[in-house]
Amino acid sequence: MQPSKDITRLLDIMAALRQPGTGCPWDVVQTFETIKPYTLEEAYEVADAIERGDMDDLCDELGDLLLQVVFHARMAEEAGDFAFGDVVEAITRKMIRRHPHVFARSDADTPEAVKLQWSEIKQAEKDERRERRARHGLPEDGNKGHLDSVQRSFPALVEALKLQERAAKVGFDWSSPEPILDKIEEEIAELREALAADDKAKVADELGDLIFAVVNIGRHVGSDPEMALRGTNTKFRRRFSHIETELESAGETLEDATLERMEQLWQAAKAIERQLT
């Protein structure tokens, strides 16, 4: 078995890995549920490589993510549900259908018109999917409420953003960012009260409300909260690494350093960043 740029080779490798008796003992016993966490992890690693601008890592991580698709498709094929070719056919059909302005005739010649056209096509696809499932004797989707199309399996920040976007489509939304700032201050006050009462359940509830409000203002100012938080995480890593490096240079350790000492180095890291920007 040799590496290849042909997708068929990857499919053959996965089939060999899943072959009982001769395949990999770990791969053979995997299921959709056990592989699901790895699929999510690989998607995040792709995002990380993009944020770092590391094209070498991006190539590698996209391969890992592709492997996840192949893995799921192989397990489905073994169960007689569908195969990798069906996955490819489904997405190519969908993309062709959703881009009539590229692959057929359409008057959608602006981003706004394309977005409206996309929504109309998606609704038609949902209607067809419902009819198809009925013909096959499959249960009708439970997603009947306006918000039920937002997957609960999304990371919490993503789910919050999509819930807000969905509600905004029917006018349930703030008129501008300013009132949301007031709402954030209100939630902070309620969180303070819960903390003062030492009510752990109430603290968790108010903390969730506060985060939800922060997500909302991010949406209003066009700043994706997930990406904003990832940026802050990167900044925190960078500044904390500065603390660690400076302590090590001075013959000190993180464990022995006082909070005041670490705060001093943290502020120094911020000052360096300001000079660089």
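In this report, we go over the structure that sits alongside the text.

What counts and what doesn't
Residues numbered from 1 in each chain as written. Predicted model: local features only at pLDDT ≥ 70, side-chain atom pairs only at ≥ 80, totals over all residues. Heavy atoms only, no water. Phe/Tyr/Trp six-rings, centres within 6.5 Å; stacked < 30°, edge-to-face > 60°. Helix = DSSP H or I, 4+ residues; strand = E, 2+ residues; numbered from the N terminus. Buried < 20%, exposed > 50% of the residue type's maximum accessible area, 1.4 Å probe, protein only. Lys NZ or Arg CZ within 6 Å of the ring centre and 35° of its normal. Expected span 1.5 Å × (residues − 1). Contact = heavy atoms within 4.5 Å. Salt bridge = Lys/Arg side-chain N within 4 Å of Asp/Glu carboxyl O.

1. What about the packing of aromatic side chains?
All told, the structure shown has three aromatic pairs when counted by the stated rule. Ring geometry for Trp26 versus Tyr38: centroids 5.8 Å apart, planes at 80°, classification edge-to-face. Of this pair, Trp26 sits in helix H2 (residues 25–28) while Tyr38 sits in helix H3 (residues 32–52), and the two are 12 residues apart along the sequence. Given a relative accessible area of 41%, Trp26 falls into the partly exposed group. Residue class for Tyr38 comes out partly exposed when judged on its relative accessible area of 37%. Pairing Phe236 with Phe240 gives two aromatic rings, centres 6.0 Å apart and planes at 15°, and the pair type is stacked. With Phe236 and Phe240 both in helix H11 (residues 225–249) and four residues apart, this pair spans about one turn of that helix. Accessibility expressed as a relative area gives 47% for Phe236, which makes it partly exposed. Sitting above the plane of the Phe154 ring, Lys162 keeps its charged end 5.6 Å from the centroid.

2. Side note on H3
When the terminal C-alpha atoms of H3 are compared, their 30 Å separation across 21 residues agrees well with the 30 Å that a helix rising 1.5 Å per residue should span. Tucked inside the fold, the buried residues of H3 contact H2 and helix H4 (55–78). Phi turns positive one or two residues past the end of H3, at Gly53, with a value near 65°.

3. Overview of the pattern of salt bridges
All told, the structure shown has 19 salt bridges when counted by the stated rule. With its nearest N and O atoms 2.8 Å apart, the salt bridge here joins Arg97 to Glu128. Taken as a pair, Arg97 in helix H5 (residues 84–98) and Glu128 in helix H7 (residues 111–135) lie far apart in primary sequence, 31 residues in all. Of the residues examined, Arg97 reaches a relative accessible area of 31% and is grouped as partly exposed. Of the charged contacts, one joins Glu206 and Lys202 as a salt bridge, the two residues approaching to 2.9 Å between their closest N and O atoms. Note that Glu206 and Lys202 are positioned in helix H10 (residues 200–220) at a spacing of four residues, about one turn of the helix.

Honestly, it's all geometry; don't read function into it.
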